[in-house]
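Understanding the architecture of this molecule
Below, each chain spelled out in residue letters.
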Amino acid sequence: MSTTTQENRPLLIGPEPTNDPESARSHDSQRSDHPKGDETSEDGNRGLTASFHHIDDSHQQTTNCETLIHLIKGNIGTGILAMPDGLKNSGLYTGTVLLPIIAVICIHCMHMLVNCAHELKERLGVAGMDYAEVGYHAFSTGPAPLRPFANTARRVLNAFLTLTQLGFCCVYVVFIAANVKQVVDCQFPGNDIDIHGYMAILILPLLGISMIRSLKVLAPFSLLSNVFLGLGLAITFHYLLMDIPSSYDRAEFKSWKQLPLFLGTSIYAFEGIGVVLPLERKMINPHDFRGLNGVLNTGMILVTCGYIAVGFFGYLKYGDAVHGSITLNLPPSDNLAQLVKVLMALAIYLTYSLMLYVPAEIMWPHLAPRFHSAKAKCLGEYAFRAFLVLVTFILAAAIPNIGLFISLVGAVSSSTLAIIFPPIIELVTFWPRLSKWTIAKCVGVFSFGFICFVFGSYASIEAIIDYFKHSDEPQPRFVC
């Protein structure tokens with residue numbers, strides 16, 4: 001972790017952000033097109049929207065405890081339910097050992113991003129930066145040969161943020177359809193609707209909730225989603241801890257071929273790197289966010305423990321029969337288990353619009369100038385949101401397998417945002433005052449992320465191809 005003082009801070013003064021026409025145009029467009037509920041407050045703080053989850057009202061500051069809760073809920077979603085499927089691809093003990101290592105790397109990358117944001121704030125006097133803005137300002141004030149790439153850095157970061165969020169939405173569509181299908185199939189054993197049919201049924205409900213543009217309106221949905229998710233996880237653990245088989249019945253290590261699928265699933269689960277900057281910005285005592293026993297480390301350790309517990313006991317309980325979401329393994333004939341699937345499906349449904357909010361806010365300002373009247377802008381934004389929803393449905397229908405989709409999204413986009421970009425930004429921000437150890441560390445973290453990206457993407461695509469090769473084979477039906 002790089003630390004600098006006023007004396008050794010790099011004297012690399014780049015262009016002021018206001019001198020960049022594209023930057024000014026982008027910011028002006030975003031200010032004019034944001035809903036009123038998301039306006040910047042007088043103290044310069046914005047609503048917590050860059051985290052991919054709505055965290056808090058834009059005019060309130062949070063205590064350490066509140067920030068800890070927001071950090072945990074910003075990192076827990078469908079990823080935790082997929083951890084048993086991840087361990088299926090690594091082996092029981094291999095996955096259990098590797099998960100904390102991956103967690104340490106991802107958490108350290110979060111610290112990298114926060115440290116860079118602090119350095120750039122002191123250097124430029126710019127507060128309230130999001131992930132893409134940190135990348136932009138790092139390059140615009142970094143080494144002279146890299147300054148022309150500042151806009152490119154911002155575009156690439158926004159592109160991967162958009163790709164990641166749309167990937168999450170696709171996973172959500174598959175997740176909701178799979179859980180609803182299992183519940184309905186048990187209640188009405190004679191129906192022949194496949195998972196694509198349930199996706200088609202979901203289009204209108206998800207279109208409806210995606211038309212909500214104000215985060216203040218979405219906030220109650222987020223709260224209700226968290227309640228459903230918490231109840232669902234608690235009941236799921238009740239089933240995982242019943243009649244546990246011996247660990248000798250589970251493979252300690254699977255194969256090198258399957259290991260990249262585990263890496264993709266694990267990195268997907270640590271989805272909250274975008275949450276750290278807005279969360280710290282909203283704290284009453286921001287200095288408590290970092291540090292060995294700070295809010296960031298405390299929250300992420302708790303999240304990691306949850307991932308390990310669900311992954312370990314889920315794979316121990318169901319072995320290679322585990323599904324892409326552990327909820328699909330719960331006994332279909334048990335009413336309480338069916339309730340879990342309904343709660344989880346509702347929780348993810350209520351979160352879908354929040355996940356779609358980020359790509360809509362990134363892309364819409366570039367399209368808004370094409371519409372001249374206020375009514376045309378409003379209708380255009382609704383049409384654009386509907387288009388994004390349909391895109392996620394098409395992609396979800398193309399790969400209706402939760403586990404494979406999660407692994408692919410994790411390998412392609414999550415690894416890039418969570419592991420590959422932070423060391424690059426740190427090198428550019430603090431150059432040339434970096435120690436050899438810091439340079440070696442950044443190169444090592446980048447190399448690990450790049451390996452996860454390449455081999456994880458290859459393994460996921462190969463597994464998807466293999467899945468389609470056997471898609472015509474009869475699938476086992478759940479016994480209700």
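Residues numbered from 1 in each chain as written. Predicted model: local features only at pLDDT ≥ 70, side-chain atom pairs only at ≥ 80, totals over all residues. Heavy atoms only, no water.

1. A short note on the overall build of the protein chain
Which entries qualify depends on this criterion: Secondary structure is summarised from DSSP: a helix means a run of H or I of at least four residues, a strand means a run of E of at least two, and numbering begins at the N terminus for each. Type-normalised accessible area, obtained with a 1.4 Å probe on protein chains alone, sets the label of each residue: buried when under 20%, exposed when over 50%, and partly exposed for intermediate values. In what follows, a contact means two residues having at least one pair of non-hydrogen atoms within 4.5 Å. Only the protein chains shown count as cover for residues, with accessible areas throughout obtained via the Shrake-Rupley method and a probe of 1.4 Å.
Of regular secondary structure, the protein chain possesses 16 helices and zero strands. Residues counted as buried form 55% of the 480 residues belonging to the protein chain. Across the protein chain, contacts joining residues at least 24 apart in sequence account for 82% of those joining residues at least 6 apart. Per element, the accessible surface of the protein chain, about 20400 Å² overall, is 66% carbon and sulfur.

2. What about the nonpolar core?
This is how the line gets drawn: Put simply, a nonpolar core is a bunch of buried Ala, Val, Leu, Ile, Met, Phe, Trp, Tyr and Cys residues held in one set by side-chain atoms that sit within 4.5 Å of each other.
Counting residues in hydrophobic clusters, the biggest one holds 130 residues, and the most contacted among them are Val 134 and Val 276. Considering each element in turn, this core owes the most residues, 17 residues, to helix H7 (residues 150–187). Ignoring sequence-local partners within four residues, the contact set of Val 134 consists of Leu 113, Cys 116, Ala 117, Leu 120, Met 129, Leu 277 and Ile 425.

3. Section: the packing of aromatic side chains
The condition is simple: When the centres of two rings from Phe, Tyr and Trp lie within 6.5 Å, Trp using its six-membered ring, the rings pair. Their planes under 30 degrees apart give stacked, over 60 give edge-to-face, and anything left gives tilted. In this analysis the charged atom, NZ for Lys or CZ for Arg, is taken to sit over a ring once it is within 6 Å of the ring centre and within 35 degrees of the ring normal.
Overall, the coordinates contain nine aromatic pairs when judged by the stated rule. Each residue in the set Trp 364, Phe 371 and Phe 384 is aromatic and connected to the rest through ring pairs, giving one cluster. A cation over a ring is seen here: Arg 154 above Tyr 136, with NZ or CZ 4.1 Å from the ring centre.

4. Looking at helix H10 (residues 259–269)
Along an α-helix, residues three or four positions apart point the same way, because every turn accommodates 3.6 residues. H10 sits mainly inside the fold: 11 of its 11 residues count as buried. Within the span of H10, buried status applies to Leu 259, Pro 260, Leu 261, Phe 262, Leu 263, Gly 264, Thr 265, Ser 266, Ile 267, Tyr 268 and Ala 269.

5. Overview of the pattern of salt bridges
Let me state the cut-off plainly: Definition used for salt bridges: Asp or Glu carboxyl oxygen within 4 Å of a side-chain nitrogen of Lys or Arg.
On inspection of all chains with the given rule, the structure shows seven salt bridges. The shortest N-O distance in the salt bridge between Lys 181 and Asp 185 comes to 2.7 Å. Of this pair, Lys 181 and Asp 185 both sit in helix H7, four residues apart, which is roughly one turn of that helix. Judged by its relative accessible area of 21%, Lys 181 falls in the partly exposed class. Since its relative accessible area comes to 11%, Asp 185 is described here as buried. Taking the shortest distance from any N to any O, the salt bridge between Asp 320 and Lys 254 comes out at 2.8 Å. Remark: Lys 254 occurs in the loop between helix H9 (215–240) and H10 and Asp 320 occurs in the loop between helix H12 (295–318) and helix H13 (335–367); sequence separation between them is 66 residues. Within this structure, Glu 361, Glu 381 and Arg 385 form a network of salt bridges that share partners.

6. A look at a nonpolar patch on the surface
Basically, it comes down to this: Patch membership requires more than 30% relative accessible area and the absence of a salt bridge. Residues of like charge join within 9 Å; the nonpolar side chains Val, Leu, Ile, Met, Phe, Trp and Tyr join within 5 Å.
A cluster of nonpolar side chains, Leu 336, Leu 339, Val 342 and Leu 346, forms an exposed patch at the surface whose accessible area comes to about 280 Å². Secondary-structure assignment places Leu 339 in helix H13.

7. Looking at the packing of helix H15 (residues 402–430) against helix H16 (residues 436–469)
Keep this limit in mind: For helices, the fitted axis covers only the stretch in contact; all axes are lines through C-alpha atoms, and the angles between them, taken along N-to-C directions, range from 0 to 180 degrees. With respect to orientation, any angle under 35 degrees is reported as roughly parallel, any angle over 145 as roughly antiparallel, any angle of 65 to 115 as roughly perpendicular, and every other angle as oblique. Each crossing is labelled by how the near helix is turned from the far one, with a counterclockwise turn of less than a right angle marking it left-handed and a clockwise turn marking it right-handed. Residue polarity is assigned by list, with Asp, Glu, Lys and Arg as charged and Ala, Val, Leu, Ile, Met, Phe, Trp, Tyr, Cys and Pro as nonpolar; anything else, Gly included, falls into the polar class.
Taken N-terminus to C-terminus, the directions of H15 and H16 make an angle of 165°; their axes are 8 Å apart at the nearest point. Classified by the angle between their axes, H15 and H16 sit roughly antiparallel to one another. Where H15 crosses over H16, the handedness of that crossing is left-handed. Its residues assigned to classes, the contact of H15 with H16 shows 21 nonpolar, eight polar and two charged.

8. Topic: the confidence of the model for the protein chain
Here is the rule: The predictor attaches a confidence to each residue, called pLDDT, with possible values from 0 through 100.
Averaged over all residues, the pLDDT of the protein chain is 82; the fraction at 70 or higher stands at 85%. Contacts from residues 1–58, a stretch scored under 50 in pLDDT, to residues over four places away or in other chains number 134 contacts.

9. Notes on the environment of Val 227
Relative to the elements of secondary structure, Val 227 occurs in helix H9. The exposure class assigned to Val 227 is partly exposed, which follows from its relative accessible area of 41%.

10. A word on the state of the cysteines
Formally: We call a pair of cysteine sulfur atoms a disulfide whenever their separation is within 2.5 Å.
Taken as a whole, this structure holds zero disulfides when the rule is applied. Of all cysteine sulfurs in the structure, the one in Cys 169 sits closest to Cys 170, which takes part in no disulfide; the separation is 7.0 Å. The exposure class assigned to Cys 170 is buried, which follows from its relative accessible area of 1%. For the unlinked cysteine Cys 442, the closest cysteine sulfur is that of Cys 116, found at 8.2 Å. For Cys 442, a relative accessible area of 1% corresponds to the buried category.

11. Side note on helix H2 (residues 64–75)
Cut-off, in case you're wondering: Each residue after the first adds 1.5 Å to the expected span of a helix. As used here, the arc is the angular range of directions from the helix axis to the C-beta atoms.
Counted at 1.5 Å a residue, the expected span for H2 with its 12 residues is 16 Å, and the 17 Å between its end C-alpha atoms agrees. Among all positions in H2, only Thr 67, His 70, Leu 71, Gly 74 and Asn 75 are buried. For H2, the angular spread of the buried residues around the axis is 125°, confining them to a single face. Here the buried face of H2 lies against helix H5 (92–124), H10, helix H11 (276–281) and H12.

12. Looking at unusual backbone geometry
It is generally the case that most residues other than glycine have a negative phi and that most peptide bonds are trans. Across the junction of Trp 431 and Pro 432, the peptide omega takes the value 10°, indicating a cis bond. Structurally, Pro 432 can be placed in the loop between H15 and H16.

13. Focus: the environment of Ile 284
Mapped onto the fold, Ile 284 is located in the loop between H11 and H12. Ile 284 gets classed as partly exposed once you look at its relative accessible area, which sits at 47%. Between the C-alpha atoms of Ile 284 and Thr 67, which are 217 residues apart in sequence, the distance is 9.6 Å. Those residues in contact with Ile 284 that sit more than four places away from it in its chain are Gln 61, Thr 62 and Thr 63.

14. Focus on the packing of H5 against helix H6 (residues 131–140)
The axes of two packed helices give the description: the angle between them and the distance between them. In contact at an axis separation of 10 Å, H5 and H6 are set at 55° when each is read in the N-to-C sense. Viewed along their axes, H5 and H6 adopt a mutual orientation that is oblique. Crossing of H5 against H6: the hand is left-handed. Residues Leu 113, Cys 116, Ala 117, Leu 120 and Leu 124 of H5 pack against Tyr 131, Val 134, His 137 and Ala 138 of H6. Of the residues in the contact of H5 with H6, the class split is eight nonpolar, one polar and no charged.

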